[in-house]
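# Examination of the molecular architecture
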Amino acid sequence: MKDNKFVLGVVGLGEGRSIISAVLNSEYYTLGNICDLNEELCKHRCEEFQFERYTTSYEELLKDEEIDIIGIYTPDQFHATHIKQALLAGKHVICTKPVLLGLEEAKELLDCQEKSGKKVFVGQSTRFFESVLQQRKAYESGSLGELVTLETHYKSDARWFLDRPWSKKAGFSWMYNFMIHAVDLAAWYLPNIEEVFGYGVVSSNTKEFGLNVEDTLTFLVKDKSGLYATVEGSYATPCLNKTIEFPIECTLRGTKGISRGGYSQLVMHQKTQKEILPEGKKSYALDANPADFFEEKTIRYDEKHPYYFRFEGESHHAGEYQNYIDYFAETLLSGGTPLPDLKEGVHTIAIMEAMSRSLHTGTPVKVDSILSEYGII
Ligand SMILES: NC(=O)c1ccc[n+]([C@@H]2O[C@H](COP(=O)([O-])OP(=O)(O)OC[C@H]3O[C@@H](n4cnc5c(N)ncnc54)[C@H](O)[C@@H]3O)[C@@H](O)[C@H]2O)c1
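All values derive from a computational prediction rather than experimental measurement. (Residues numbered from 1 in each chain as written. Predicted model: local features only at pLDDT ≥ 70, side-chain atom pairs only at ≥ 80, totals over all residues. Heavy atoms only, no water.)

Most of strand β10 (residues 248-254) sits out of view: six of its seven residues are buried. Pairing of strand β6 (residues 147-155) with β10 involves seven bridges; the strand directions are antiparallel. Residue pairing for β10: T149 is matched across the bridge by R253. Pairing analysis gives six bridges linking β10 to strand β11 (residues 257-263), with the strands arranged antiparallel. Bridging across to β11, T251 finds its partner in R260. The turn joining β10 and β11, which pair antiparallel and follow one another in sequence, is formed by two residues. (Buried < 20%, exposed > 50% of the residue type's maximum accessible area, 1.4 Å probe, protein only. Helix = DSSP H or I, 4+ residues; strand = E, 2+ residues; numbered from the N terminus. Pairing = 2+ DSSP bridges.)

For the ligand, the set of nearby residues contains 26 residues, the closest of which are E15, D36, D76, S125 and W166. One of the side-chain nitrogen or oxygen atoms of K97 is found 2.9 Å away from an oxygen atom of the ligand. S125 is positioned such that a nitrogen or oxygen atom in its side chain is 2.8 Å from a nitrogen atom of the ligand. Burial of the ligand by the protein chains amounts to 86% of its free accessible area of 850 Å². When atoms are counted within 2 Å of each cavity's grid points, the one that captures over half of the ligand is the largest pocket. When grouped by side-chain class, the residues that make up the shell around the ligand number ten nonpolar, eleven polar and five charged. (Near = heavy atom within 4 Å. Polar contact = N/O pair within 3.5 Å; in protein donor to acceptor, adjacent residues only side chain to side chain. Areas by Shrake-Rupley, 256 points an atom, 1.4 Å probe, with all protein chains shown as cover. 1 Å grid on protein atoms, 1.4 Å probe; cavity = no way out; pocket = protein on both sides within 12 Å on 5 of 7 lines; lining within 4 Å. Sits in = over half its atoms within 2 Å of the grid points. Nonpolar A, V, L, I, M, F, W, Y, C, P; charged D, E, K, R; others polar.)

Let us look at the pairing of strand β7 (residues 193-201). Direction of pairing for β7 relative to strand β8 (residues 216-223): antiparallel, over a ladder of eight bridges. Directly across from Y199, in β8, lies its bridge partner T218. Across two bridges, the pairing between β7 and strand β14 (residues 365-366) is antiparallel. Each bridged residue has a counterpart across the sheet, and for E195 the counterpart in β14 is K366.

Turning next to helix α4 (residues 79-88). Along α4, the residues that are buried comprise H79, A80, H82, I83, A86 and L87. Summarising the contacts, the buried residues of α4 are in contact with α3 (58-63), β3 (69-72), β4 (92-96), α5 (106-116) and β5 (120-123). (Contact = heavy atoms within 4.5 Å.)

Let us now look at the sheet that holds β7. The nine strands lie next to each other as β13-β12-β11-β10-β6-β9-β8-β7-β14, forming an open sheet whose pairing is mixed. Among the strands making up the open sheet, the edge pair consists of β13 (294-300) and β14.

Contact geometry for helix α6 (residues 130-140) and helix α7 (residues 174-189): axes closest at 12 Å, N-to-C directions at 20 degrees. Comparing the axis directions of α6 and α7 gives the class roughly parallel. α6 and α7 meet at a crossing whose hand is right-handed. Mapping the contact onto sequence places V132, Q135, R136 and Y139 in α6 and L185, W188 and Y189 in α7. (Axes fitted to C-alpha atoms, helices over the stretch in contact; angles between N-to-C directions. Parallel < 35°, antiparallel > 145°, perpendicular 65-115°, else oblique. Left-handed = near helix turned anticlockwise from the far one by under 90°.)

This part covers the domain arrangement of the protein. A common way to state how big an interface is: give the accessible area lost once the parts meet. Along its sequence, the protein is carved into domain 1 (6-126 + 320-341) and domain 2 (127-265 + 267-300 + 351-358). In this assembly, domain 1 packs against domain 2 so that about 1,600 Å² is buried in total across both faces, 58% of it on carbon and sulfur atoms. For the pair domain 1 and domain 2, the number of links is zero salt bridges. Sorting elements by how many residues they give to the side of domain 1 that touches domain 2 places helix α10 (residues 318-333) first, with four residues. Partitioning the side of domain 1 that touches domain 2 into residue classes produces ten nonpolar, six polar and three charged. (Domains from an automatic or database assignment. Buried area = accessible area lost by both parts, 1.4 Å probe. Salt bridge = Lys/Arg side-chain N within 4 Å of Asp/Glu carboxyl O.)

Moving on, we get to the sheet that holds strand β2 (residues 29-35). Taken together, the five strands give an open sheet; going across it, the order is β2-β1-β3-β4-β5, and neighbouring strands pair in parallel fashion. Only two strands of the sheet have a single partner each, and these edge strands are β2 and β5. The average angle at which neighbouring strand axes cross in this sheet is 20 degrees, direction not considered. In this structure, β3 lies alongside β4, joined through four bridges in parallel fashion. Residue pairing in the sheet places I70 in a bridge with V93 of β4. Lying on the sheet, α10 is in contact with β1 (6-11), β2, β3, β4 and β5; it crosses β4 at an angle near 155 degrees.

Shown next, in the form of structure tokens:
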């Protein structure tokens, strides 16, 4: 801590740009140092944020004793190694999604984290977007009644992402890089997902890039409570305009209402049953006026656009990161564990592994059997 603020260092300055903005706008943090292998990018970020320090060595960043927390925004394939190094250097960690690309190193990492006594928070950014936060509040207030099912998706024509050199290297998949946002939302509402089943297609659009990973996917995930969710992804074919279909969408269907929130629309649609129904009525006739029974509204948060999107267009996630780093600090100060933590993150990766196996075996796959295979439970 310096002047009563957490000192945070950032590694990976592409999307890492968003956490730099968040740190500089937070009352809880001060920016310790920034790091990228690409020196030009380091200089560019220093100029952009009027910051004077940088390093091209992650080891040097970790040696800085003033730094309390490392924000990791390197390519997916490096997260496991970079988290472990940070923990061994005695730092707390905020790591972007996907926390891992498989479970091979999960047990070692969980043990390393426990031994270190430090926190690892997984930056599942969508949970921290305005309409998704508001939807969660509505759900927790009980206004939707009991949850019956939910549908989540992440659908985006993301072929642009294949310009990144690491997107064509082993370990990259649309599922782990993109669909994890939709999987995380399902797991947020159904925290004990035990079985998954799904289908996927590798379209010729993906094959044109020399990749052989499913780009169009649909899964059913079942929770130990008996509830289930559908989770869908689509990444290499044209998508509808985001005002018609949110790129990331979460629809909650409850006994007394329904709501739809998502990214990147600052809007939530909600329909809830009126507290007082006409006497003796539990449902309405076909010719009745639904407005007598339900309140249906579209709530907009447009004024928050500049807060959430601070750079070109909607290219980065600064507002979500602002929300999650401030939540991280507040939780740390009150002695709690910021969620999703490494354990929860690993469970989500196990769900992803079960999805992957289901695609290739054509059968439902149990999540616990995978966790026990890797010695995690
Ligand atoms: N919504 C979200 O939460 C969200 C959005 C976008 C990206 N991401 C995640 O952020 C991560 C980075 O994605 P990106 O789009 O910024 O990729 P990118 O390729 O633009 O940036 C990654 C940066 O990491 C640097 N780097 C790689 N290895 C390094 C090392 N050992 N030490 C220091 N720097 C190193 C690279 O030079 C590069 O500048 C990915 O894991 C991605 O999944 C999350």
